[in-house]
Amino acid sequence: MGIIEKSRIKSPWVVHFDCGGCNACDIEILACLTPVYDVERFGIINVGNPKHADVLVVSGAVNNRNKRVLKNIYDQIPHPKAVVAVGACAATGGIFSDCYNVLKGVEHVIPVDVYVPGCSPKPEAIIDGIVKALEKMDERQKEKKQKSVRSREND
Amino acid sequence: MLSALLTIIVTIIVVPAIGGLLVGADRIITARMQGRIGPPLIQPFYDLFKLLGKENIVVNRVQMFYVLSNLALMITSVVLFVLKQDLLMIIFIMAFGSMALILGGLSVQSPYSRIGSHRELLQMMAYEPILVFMVVGIYLRTKSFNVQSVLNLKEPLLGYMPLIFIAILLILTIKLRKSPFDFSTSHHGHQELVKGLLTEYAGPQLALIELAHWYELVLVLGFIVLFWATNIYIGIAIALGSMILEIIIDNITARMTWKWMIGVVWTIGIGLCLINIAFLYK
């Protein structure tokens, strides 16, 4: 493993977007930063700027009103990036899934790597989800590399 | 000639390593003060290499030029310092480096970046006079602007310039972007104006800015070492002590406004410098 691949796993910067939920998931996400869980041990930093982020953590039920904002934030994150959907609302729309304005899950707007189920999920589960997302991101980068090598060989 | 070339190469490689380790230690000490465990010591290097490996999103054509000139000027000023050259020159090249970053921040449309750049300008207005006063003090003591003349002194400068030393500690807080003066941009996980000056820099650009900041950090601590240059180990101990003092101040103070900063630095800081220079002036 090269030094950049290793660093990617060691330093995931997280940007957090709430699509409009009850804030319970947001409180659990922010609880990860407190001395009890201290995600900075793993190099995870909560940044406010999508341009500096690696992982997008989405919570809440995405709806027709804010899907444009969510897409915009996703597009601003430089590659390689990963998306973690936290909570039942982000996964399926949750308790709001029958509402006329609610899209049934974040996956209808942006590609999701990891779903963290629960209403609301424990901070341990959220940290686990981010770690899993990093593994997937790494795999995807490797596949991309192999593909480009293969296409070069074909040329 | 060859030894000077060797010194330059060693400086360019060793200085960011020291700077990165200092930043890593800073993050661990800060975490311990907040009752957390904190990241590993080499976390800043992980961050740097990760950012270098990311996609380079460029907002406009000139941005990368400003980032590279910031890095190049910072490296130049550190190299001049290690080669024991003119202190005035070093300070002005450092100011040019910071200026490049500000121009890059102003070259984009983002209001966060623009407000951050304006605040960084105000910070420069606050700390540049103190740095120049330090050089004036050194000149009055040694009759020379060269770093070499400070090293030739028989007695440490601190005994003659204690008040200027306090003023330098004040501006060290600004230079290290620590609370209460972290309003142009912030470090660690803090957010101010999203990320202020650095909002529109992403990926490799942010990595190069971070690298330049490590050079700057070592240079500013080098200025502090000058205050006890007769025994370099005591000087380094004083520099590390002031770094720890800055970390403590960072953790016990809240962020203030730029008006407060200008008020404090221009009255207390410049006041201390003027009193000190009046005593040095014979």
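Residues numbered from 1 in each chain as written. Chains lettered and ligands numbered in written order. Predicted model: local features only at pLDDT ≥ 70, side-chain atom pairs only at ≥ 80, totals over all residues. Heavy atoms only, no water.

Chemist: Please explain the overall build of chain A as it appears in this structure.
Modeler: Check the secondary structure of chain A and you find 5 helices and 5 strands. Walking chain A from its N terminus toward its C terminus, one meets helices and strands in the order α-β-α-β-β-α-β-α-β-α. Taking 155 residues into account, the globule formula puts the C-alpha radius of gyration at 15 Å, and chain A, at 16 Å, falls close to it. On the principal axes, the C-alpha backbone points of chain A span a range of 50 × 40 × 25 Å. Sequence separation of at least 24 residues holds for 79% of the intrachain contacts in chain A that already meet a minimum separation of 6. (Helix = DSSP H or I, 4+ residues; strand = E, 2+ residues; numbered from the N terminus. Rg over C-alpha atoms; globule rule 2.2 N^0.38 Å. Contact = heavy atoms within 4.5 Å.)

Chemist: Explanation requested: the environment of V58(A) in the structure shown.
Modeler: Residues and elements named next belong to chain A. Examined against the element boundaries, V58 turns out to sit in strand β3 (residues 55-59). The spatial distance from the C-alpha of V58 to the C-alpha of V83 is 7.5 Å, given a sequence separation of 25 residues. With sequence-adjacent residues up to four places away left out, V58 is seen in contact with F17, C19, L70, V83, V84, A85, V86, A90, V106 and I110.

Chemist: Which parts of the structure should I look at to understand the interface of chain A and chain B?
Modeler: Note: interface size is frequently given as the accessible area lost on complex formation between the parts. Listed by partner, the interface residues are 29 residues for chain A and 32 residues for chain B. Roughly 2500 Å² is buried in total at the junction of chain A and chain B, and carbon and sulfur atoms are behind 55% of that figure. It is E40(A), K51(A) and H52(A) that lose the most area in chain A upon contact with chain B, and together they represent 25% of the buried surface on that side. The interface formed by chain A and chain B contains 6 salt bridges. We note a salt bridge from K54(B) to D54(A), for which the minimum N-O separation is 2.4 Å. At the junction of chain A and chain B, the tally comes to 19 residue pairs in polar contact (both at pLDDT 80 or more). Contributing elements (two or more residues each) for the side of chain A that touches chain B: α1 (3-10) and β2 (45-46) of chain A. Its residues assigned to classes, the side of chain A that touches chain B comprises 11 nonpolar, 10 polar and 8 charged. (Buried area = accessible area lost by both parts, 1.4 Å probe. Salt bridge = Lys/Arg side-chain N within 4 Å of Asp/Glu carboxyl O. Polar contact = N/O pair within 3.5 Å; in protein donor to acceptor, adjacent residues only side chain to side chain. Nonpolar A, V, L, I, M, F, W, Y, C, P; charged D, E, K, R; others polar.)

Chemist: When you look at unusual backbone geometry in this model, what are you seeing that I'm missing?
Modeler: The phi angle of most residues is negative, glycine excepted, and most peptide bonds adopt the trans form. Here the amide bond leading from H79(A) into P80(A) is cis, since omega sits at -10 degrees, within 30 degrees of zero. Inspection of the secondary structure assignment puts P80(A) in the loop between α3 (67-76) and β4 (82-86). Along the chain, C119(A) connects to S120(A) via a cis peptide bond; the corresponding omega equals -5 degrees. The phi dihedral of N23(A) falls on the positive side, at around 80 degrees, and the residue is not glycine. Overall, N23(A) belongs to the partly exposed group, its relative accessible area being 40%. Non-glycine residue K84(B) carries a positive phi angle of around 60 degrees. Overall, the relative accessible area of 34% leaves K84(B) in the partly exposed class. (Buried < 20%, exposed > 50% of the residue type's maximum accessible area, 1.4 Å probe, protein only.)

Chemist: I tried to follow the confidence of the model for chain B on my own but got confused; where do I start?
Modeler: Detailed reading of the predicted coordinates is not advisable wherever pLDDT is low. Looking at chain B, pLDDT values average 87 and 99% of them are 70 or higher. Scored as a whole, the predicted complex attains pTM 0.87, and scored at its interfaces, ipTM 0.83. (pLDDT = per-residue confidence, 0-100.)

Chemist: Help me understand the packing of helix α1 (residues 2-33) of chain B against helix α2 (residues 43-52) of chain B, please; the structure alone is not making it clear to me.
Modeler: Axes are the key here: two packed helices are described by the angle between their axes and the distance separating the axes. Two elements in contact, α1(B) and α2(B), have axes separated by 7 Å at closest approach and are oriented at 115 degrees. Here P16(B), A17(B), G20(B), L21(B), V23(B), G24(B) and R27(B) of α1(B) lie close against α2(B), whose contacting residues are Q43(B), P44(B), F45(B) and D47(B). (Axes fitted to C-alpha atoms, helices over the stretch in contact; angles between N-to-C directions.)

Chemist: I'm lost on the sheet that holds β2(A) in this one. Help?
Modeler: Strand pairing within a sheet occurs via backbone hydrogen bonds; the two strands may be parallel or antiparallel. Residue and element names in this part refer to chain A. Across the sheet, 5 strands lie side by side as β2-β1-β3-β4-β5; this open sheet has parallel pairing. The open sheet has two edge strands with one neighbour each: β2 and β5 (114-116). Here strand β1 (residues 13-18) runs beside β3; their pairing, made up of 5 bridges, is parallel. Its bridge partner being in β3, D18 is matched across the sheet by S59. The strands that α3 touches are β1, β3 and β4; relative to β3, the one it contacts most, it runs at about 165 degrees. (Pairing = 2+ DSSP bridges.)

Chemist: Even after reading the chapter, I still don't get the pairing of β3(A), so can you show me in this structure?
Modeler: Side-chain positions along a regular strand alternate between the two faces of the sheet. Residue and element names in this part refer to chain A. Most of β3 is tucked away: 5 of the 5 residues are buried. Burial along β3 is two-sided: V55, V57 and S59 and L56 and V58, pointing in opposite directions, are all buried. Taken together, the 5 bridges between β3 and β4 define a ladder with parallel strand orientation. When the sheet's bridge partners are listed, V58 is paired in β4 with A85. Each parallel crossover has a hand, and for β3 linked through α3 to β4 it is right-handed. (Right-handed = clockwise from strand over helix to strand, strands pointing away.)

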